[in-house]
Amino acid sequence: MVDVTHGVAVPVAEVGDVELYHPRSWVTKYVFSQDAKVIAIQYSLTALSIGLVALVLSWLMRMQLGFPGLLSFINADRYYQFVTMHGMIMVIYLLTALFLGGFGNYLIPLMLGARDMVFPYVNMLSYWIYLLAVLVLVAGFFVPGGPTGAGWTLYPPQAILANTPGQQWGIILMLVSLMLFIIGFTMGGLNYVVTVLQGRARGMTMMRMPLTVWGIFTATVMALLAFPALFVGSVMMLLDRVLGTSFFMPSIVLMGEQLKYGGGSPILFQHLFWFFGHPEVYIVALPAFGIVSDLISTHARKNIFGYRMMVWAIVAIGALSFVVWAHHMYVSGMNPGFGFFFATTTLIIAIPTAIKVYNWVLTLWRGDIHFTVPMLFALGFIVTFVNGGLTGLFLGNVVVDVPLSRTMFVVAHFHMVMGIAPIMVIFGAIYHWYPKLTGRMLDDTLGKLHFWVTFVGAYAIFFPMHYLGLLGVPRRYYEMGETAFVPPSAHTLNEFITIAALIVGAAQLAFVFNLFWSLRHGRPSGGNPWRATTLEWQTPETPPTHGNWGKELPVVYRWAYDYSVPGAAEDFLPQNQPPMPRTP
Amino acid sequence: MGIIVIFMVLIAAVAFWWLSRQRLTAKPWLEVGIIGDVGGRWPPTLPKAKIGLGVFLAVAGSLFALLVSAYSMRMAMVDWRTLPVPAVLWLNTILLILASVALQTAVAAGRRDDFGGVRSSLLVAYASSLAFLFGQVLAWGELVAAGYFAADNPANAFFYLITAIHGAHVLGGLVALIRTTARAFDGPETSPPRTIGELRLGVELCAIYWHFLLLVWLVLFSFLMHWANDLVSFCRAALT
Ligand code: HEM
Ligand SMILES: [Cu+2]
């Protein structure tokens with residue numbers, strides 16, 4: 001091994017010039033807190049709560065598809081509203097907020113050996129604006145006309161026309177909520193990026209950062225650049241709706257009446273939307289990739305295979321995902337030359353993604369695999385992701401995309417890659433880091449039950465859906481009507497899917513119960529129950545107190561993956577463990 | 001979409017330059033011991049606030065680049081009708097340049113510990129920025145008086161939207177400028193070096209932000225005046 005210490009003794013108290021803000025009262029400590037750990041928990045709880053709303057919406061949709069008419073309050077309009085709110089909440093208010101606002105806030109300072117985020121006050125504002133965004137979104141359910149039913153892509157002109165549900169207030173609240181979310185996210189995002197750039201402990205080089213931080217960091221940079229597109233699109237649509245401008249609205253005759261709009265371009269919105277929408281897929285995926293790498297390495301007691309390649313792949317995916325935004329617009333008809341260019345880049349992005357999958361598998365290869373709950377979820381992620389990726393290659397192809405893009409096949413595909421797969425990682429991560437947050441383990445038996453029901457259940461839901469798509473069952477249809485080409489067997493299948501969805505949903509309630517129950521009754525975990533190397537497990541106290549590190553900041557001597565090192569006393573070496581003195 | 005592509009290429013270039021200095025080809029599994037970052041500097045020397053502002057400008061830059069891209073995409077469609085650009089925009093442009101120059105002067109004065117100079121330059125910057133905003137409102141008034149309403153056609157709507165978003169950014173900057181100015185009037189001559197350092201940094205951050213606002217405005221202005229389009233068609237003609 002190369003020794004880069006150069007024999008220089010480390011100064012003892014190299015505490016950075018972080019001036020900590022010290023909370024004075026209960027309110028500033030737990031409510032308006034500027035401590036990234038508290039903010040992380042606030043973000044996570046809010047995101048999980050609104051996620052439960054989206055889960056309930058998915059039950060309602062499935063009830064309608066499996067047992068049409070049973071729930072009489074669901075009509076076509078309601079169904080569209082459920083689809084829209086479910087999709088939007090899941091993608092933005094749950095996944096994005098939880099990965100970046102939740103895990104980002106908790107893990108970045110702790111994993112990098114910082115005392116807190118660099119701009120704690122702005123960080124606090126970020127959460128409160130996010131909460132406001134969520135409240136505005138939820139308000140949509142209570143206003144006259146209900147929430148918008150325009151689909152999560154909010155395509156104009158339909159989104160603001162009178163025959164779309166939620167046209168009165170729903171769409172306005174949705175757009176305002178998105179704008180708030182973006183403002184709040186930007187405040188948080190500035191923190192995550194600058195903390196990674198400036199807040200690392202001594203010795204923590206970029207190439208020593210755990211892949212979790214690499215994933216969150218890159219995703220944040222992407223989100224900071226991509227969300228403005230959604231912001232611009234939302235502002236313009238809001239003006240179209242409220243002031244009657246025509247950014248996106250062509251002249252339209254609706255029910256024999258000429259509307260006041262004229263001269264707008266709906267395609268313009270689609271460009272803006274997908275400039276955000278495509279990177280968004282990877283904004284959700286990259287943190288998941290990073291976290292999974294760390295879970296696998298820790299629970300298989302092996303260093304991650306090809307760390308450097310993993311970092312490069314993350315960066316490459318981040319860069320490429322901006323180039324491919326137009327592949328979503330095959331259906332909207334564009335120059336075939338462009339179509340070819342975008343199809344090619346879509347396929348190219350598969351290369352770094354495939355590299356990551358190989359490296360995970362090679363990390364597992366001959367590892368000392370502990371089938372803990374986090375590990376199970378990590379494995380579940382890999383299987384689901386590969387599976388969804390294969391159907392994605394199908395869709396990345398222009399010719400196949402056009403007939404399938406409006407069917408349940410697409411629904412099944414994106415639920416696999418960007419629904420179930422990231423959710424698996426979120427669960428794995430919660431089981432993994434919960435002991436650090438609370439000092440107690442989550443219940444193992446309940447956890448395993450949760451995993452198996454969710455994993456098998458997800459397949460029971462989404463596998464048959466591919467088949468429905470191939471049969472031609474369209475998406476966003478609240479009932480089949482007289483569609484002669486769909487055989488009656490499709491209906492039995494639909495009933496089966498719905499029952500599976502209800503069971504999977506019930507399993508999530510068991511998980512929520514576990515979260516609260518273990519808070520009191522869980523097995524005490526100690527500071528480092530997984531015997532992991534990364535810094536967050538080396539805090540002097542568990543749960544870490546304000547300032548994280550007591551008097552002295554940690555000093556980093558090695559990378560994050562020293563597991564099963566030959567000759568070491570234990571089978572892991574924490575990142576802050578100094579090198580052993582060399583025997584002459 | 002040209003502008004946003006150029007912008008993203010610029011960002012990518014910066015990102016690559018930075019990444020290239022992070023020893024991405026290192027083999028961290030072989031290196032045990034303390035390695036500083038490039039040059040072994042720890043803690044980092046650049047102030048956090050400056051990096052933070054830089055990142056924020058990238059976000060705001062993306063916002064404006066997308067706005068202008070959407071604008072030019074819409075302009076390229078056949079049914080585009082222009083609106084007359086009020087002459088007062090020329091005056092406003094000069095005012096914004098003045099503000100930018102004044103802030104740069106303030107930075108220089110701060111380096112010389114000439115706090116009187118800092119104060120007067122900050123005030124000039126403040127006044128001319130306010131005048132700029134006032135001028136923008138005048139321009140709106142002029143258009144409205146001539147019957148160009150936002151809801152009439154996309155050209156009008158874009159004009160109001162672009163100027164409004166830029167104006168909002170100026171307004172936000174003014175808040176920071178006020179706070180910095182207050183600090184400059186708070187007797188820095190007798191303060192400890194640390195407070196003086198903070199003042200200098202604050203002035204510098206304001207200056208950077210205003211240069212950014214000016215740059216954005218010049219790009220926007222050139223689009224509003226249709227020079228940018230003429231330039232593009234000129235290039236296209238020259239190439240074919
Ligand atoms: C057990 C869990 C889930 C079930 C049963 C479920 C079910 C559904 C159903 C029935 C639809 C409507 C299909 C249609 O008629 O077009 C849908 C749409 C959607 N779901 Fe899920 N979903 C689940 C989880 C998720 C997750 C975790 C995500 C996160 C990414 C997600 C994102 C979406 C999106 C983006 C749409 C499309 C909305 C639209 O078409 O506008 N879903 N889901
Ligand atoms: Cu995409």
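How should I be thinking about the overall build of chain B in this particular structure?
Each helix and strand in chain B was counted, giving seven helices and one strand. Mapped from its N terminus to its C terminus, chain B presents α and β elements in the order α-β-α-α-α-α-α-α. On the principal axes, the C-alpha backbone points of chain B span a range of 65 × 50 × 30 Å. Restricting to contacts in chain B with at least 6 residues of sequence separation, those with at least 24 account for 81%. When the accessible surface of chain B is split by element, carbon and sulfur atoms take 71% of a total near 11500 Å².

Could you clarify how one ought to interpret the overall build of chain A in this entry?
Scanning chain A for helices and strands turns up 15 helices and three strands. Here chain A holds 584 residues, and 62% of them are scored as buried.

Quick question: what am I supposed to make of the side chain of Asn528 of chain A here?
All names here are of chain A. As for its placement among the helices and strands, Asn528 is situated in the segment after helix 15 (489–521). Taking the relative accessible area as the measure of exposure, Asn528 reaches 18% and is therefore buried. Among all residues touching Asn528, those that are not within four sequence positions of it are Trp537, Gln538 and Phe572.

I'm lost on the interface of chain B and chain A in this one. Help?
Frequently, the measure chosen for interface size is the accessible area removed from exposure when the parts meet. Chain B puts 51 residues into the contact, and the matching count from chain A is 63 residues. There are zero salt bridges connecting chain B and chain A. When contributions to the side of chain B that touches chain A are tallied by element, the ones reaching two or more residues are helix 1 (2–20), strand 1 (31–32), helix 2 (48–75) and helix 5 (154–184) of chain B. In terms of residue count, helix 2 of chain B provides more of the side of chain B that touches chain A than any other element does, 15 residues in total. Along the lines of polarity and charge, the residues of the side of chain B that touches chain A split into 37 nonpolar, six polar and eight charged.

Sorry, what's going on with the environment of Phe385 of chain A here?
Residues and elements named next belong to chain A. Relative to the helices and strands, Phe385 resides in helix 11 (residues 373–395). As a C-alpha pair, Phe385 and Ala285 span 100 residues in sequence and 9.9 Å in three-dimensional space. The contacts of Phe385, once residues within four sequence positions are left out, are Phe289, Thr353, Val357, Val417 and Ala421.

For this particular structure, what's the right way to read a nonpolar patch on the surface?
Residue and element names in this part refer to chain A. Residues Trp26, Val27, Tyr30 and Phe32 make up a contiguous nonpolar surface patch of about 450 Å² in total accessible area. Residue position: Trp26 is located in helix 1 (residues 26–31). By relative accessible area, which is 59% here, Trp26 ends up exposed.

Just checking my understanding: could you explain the confidence of the model for chain B for this structure?
Note that predicted coordinates carrying low pLDDT should not be read in detail. Residues and elements named next belong to chain B. Taken residue by residue, chain B gives an average pLDDT of 87. The fraction at 70 or more is 92%. Averaged pLDDT values for the elements of chain B fall to 67 in helix 7 (residues 227–239) and rise to 95 in helix 3 (residues 88–111). Overall fold confidence (pTM) sits at 0.92, and the ipTM for the predicted complex is 0.92.

Please clarify how the packing of helix 6 (residues 211–242) of chain A against helix 1 of chain B should be interpreted in this entry.
Helix 1 of chain B packs onto helix 6 of chain A with a crossing angle of 155° between their chain directions and a minimal axis gap of 12 Å. Comparing their axes, helix 1 of chain B and helix 6 of chain A come out roughly antiparallel. Regarding helix 6 of chain A and helix 1 of chain B, the two cross each other, and that crossing is right-handed. Contact with helix 6 of chain A, carried on its side by Trp214, Phe217 and Leu225 of chain A, involves Phe7, Met8, Ile11, Trp18 and Leu19 of chain B of helix 1 of chain B and no other residues of that element. Here the contact of helix 6 of chain A with helix 1 of chain B is built from residues that sort into eight nonpolar, no polar and no charged.

Help me out: how do you make sense of the site of ligand 1 in this one?
Residue and element names in this part refer to chain A. Around ligand 1 lies a shell of 22 residues, among which Tyr79, His86, Trp152, His415 and Arg476 are the nearest. Note that a nitrogen atom of ligand 1 is positioned 2.7 Å from one of the side-chain N or O atoms of His415. The set of elements that each furnish at least two residues to the shell around ligand 1 consists of helix 2 (36–66), helix 3 (76–112) and helix 13 (408–438). Among the elements that make up the shell around ligand 1, the one with the highest residue count is helix 3 (seven residues). Here the shell around ligand 1 is built from residues that sort into 13 nonpolar, six polar and three charged.

Sorry if this is basic, but what is going on with the packing of aromatic side chains here?
Geometry of an aromatic ring pair is reported as the spacing of the ring centres plus the angle between the planes. All names here are of chain B. Evaluated as defined, the whole model comprises 49 aromatic pairs over all chains. When the ring of Trp217 is compared with that of Phe221, the centres are 5.7 Å apart and the planes differ by 20°; the resulting orientation is stacked. Of this pair, Trp217 and Phe221 are both found in helix 6 (residues 193–224), four residues apart, which corresponds to roughly one turn of the helix. Take Trp217 and Phe221: they sit in the same class, and that class is buried. Lying across the ring of Phe185, Arg119 places its NZ or CZ 5.7 Å from the centre.

I'm lost on the confidence of the model for chain A in this one. Help?
The pLDDT averaged across chain A works out to 86; a share of 89% of its residues lies at or above 70. This model gives residues 1–18 of chain A a pLDDT under 50, and the stretch forms 34 contacts once residues within four places in sequence are excluded.

What's the story with helix 3 of chain B in this structure? I'm lost.
An α-helical turn contains 3.6 residues, so a residue and the one three or four places further along point in the same direction. In this model, helix 3 of chain B (24 residues) spans 35 Å end to end at C-alpha, consistent with the 34 Å of a helix rising 1.5 Å per residue. Asp113 of chain B occupies a position one or two residues after helix 3 of chain B and carries a positive phi of about 60°.

How should the side chain of Thr153 of chain A be read in this particular structure?
In this structure, Thr153 of chain A sits in the loop between helix 4 (120–139) and helix 5 (170–198). Setting aside anything within four residues of it in sequence, one finds Thr153 of chain A in contact with Phe269, Phe273, Trp274 and Arg476 of chain A.

Just checking my understanding: could you explain the nonpolar core for this structure?
In summary, soluble globular proteins display a tendency toward joint burial of nonpolar side chains. Residue and element names in this part refer to chain A. The biggest cluster of nonpolar side chains holds 256 residues, and the ones touching the most others in it are Tyr93, Trp214 and Phe381. Per-element tally for this core: the top contributor is helix 3, with 22 residues. In this structure Phe381 touches Ala288, Phe289, Val292, Trp360, Ala421, Pro422, Met424 and Val425, once residues within four positions along its chain are discounted.

Hey, could you run me through the pattern of salt bridges in this one?
Pairing is possible between side chains of opposite charge, provided their charged atoms come close. All names here are of chain A. Under the defined criterion, the tally for this structure stands at 10 salt bridges over all chains. A salt bridge links Asp444 to Lys448, with the nearest nitrogen and oxygen atoms 3.2 Å apart. Note that Asp444 and Lys448 are positioned in helix 14 (residues 444–471) at a spacing of four residues, about one turn of the helix. A salt bridge links Arg558 to Asp562; its shortest N-O distance comes to 3.1 Å. Side by side, Arg558 and Asp562 carry an identical accessibility label, which is buried.

Hey, could you run me through unusual backbone geometry in this one?
Peptide bonds are, in most cases, trans, and in most cases residues other than glycine have a negative phi. Here Pro156 of chain A and Pro157 of chain A are connected by a cis peptide whose omega angle stands at 0°. Looking at the element boundaries, Pro157 of chain A is found in the loop between helix 4 and helix 5. With an omega of -10°, the peptide bond between Thr542 of chain A and Pro543 of chain A qualifies as cis. Mapped onto the secondary structure, Pro543 of chain A falls in the segment after helix 15. Phi at Arg23 of chain B takes a positive value of approximately 50°, unusual for a residue other than glycine. According to the relative accessible area criterion, Arg23 of chain B is partly exposed, its value standing at 31%.

What's the story with the environment of Leu190 of chain A in this structure? I'm lost.
Note on placement: Leu190 of chain A falls in helix 5. Sequence spacing of Leu190 of chain A and Asp240 of chain A is 50 residues, and the spatial spacing of their C-alpha atoms is 31 Å. Sequence-distant contacts of Leu190 of chain A, defined by excluding residues within four places in its chain, comprise Leu224 of chain A together with Gly52, Val55 and Phe56 of chain B.

Whenever I open this one, helix 2 of chain A confuses me. Can you help?
Residues and elements named next belong to chain A. The terminal C-alpha atoms of helix 2, which comprises 31 residues, lie 44 Å apart, in line with the 45 Å expected from a rise of 1.5 Å per residue. Among the 31 residues in helix 2, 23 count as buried, and that is most of the element. One side-chain oxygen at the N-terminal end of helix 2 lies 2.9 Å from the backbone nitrogen of Lys37; it belongs to Asp35.

Calculation rules
Residues numbered from 1 in each chain as written. Chains lettered and ligands numbered in written order. Predicted model: local features only at pLDDT ≥ 70, side-chain atom pairs only at ≥ 80, totals over all residues. Heavy atoms only, no water. Helix = DSSP H or I, 4+ residues; strand = E, 2+ residues; numbered from the N terminus. Contact = heavy atoms within 4.5 Å. Areas by Shrake-Rupley, 256 points an atom, 1.4 Å probe, with all protein chains shown as cover. Buried < 20%, exposed > 50% of the residue type's maximum accessible area, 1.4 Å probe, protein only. Salt bridge = Lys/Arg side-chain N within 4 Å of Asp/Glu carboxyl O. Nonpolar A, V, L, I, M, F, W, Y, C, P; charged D, E, K, R; others polar. Patch = residues over 30% accessible without salt bridge, like charges linked within 9 Å, V, L, I, M, F, W, Y side chains within 5 Å. pLDDT = per-residue confidence, 0-100. Axes fitted to C-alpha atoms, helices over the stretch in contact; angles between N-to-C directions. Parallel < 35°, antiparallel > 145°, perpendicular 65-115°, else oblique. Left-handed = near helix turned anticlockwise from the far one by under 90°. Near = heavy atom within 4 Å. Polar contact = N/O pair within 3.5 Å; in protein donor to acceptor, adjacent residues only side chain to side chain. Phe/Tyr/Trp six-rings, centres within 6.5 Å; stacked < 30°, edge-to-face > 60°. Lys NZ or Arg CZ within 6 Å of the ring centre and 35° of its normal. Expected span 1.5 Å × (residues − 1). Core = buried A, V, L, I, M, F, W, Y, C linked by side-chain atoms within 4.5 Å.

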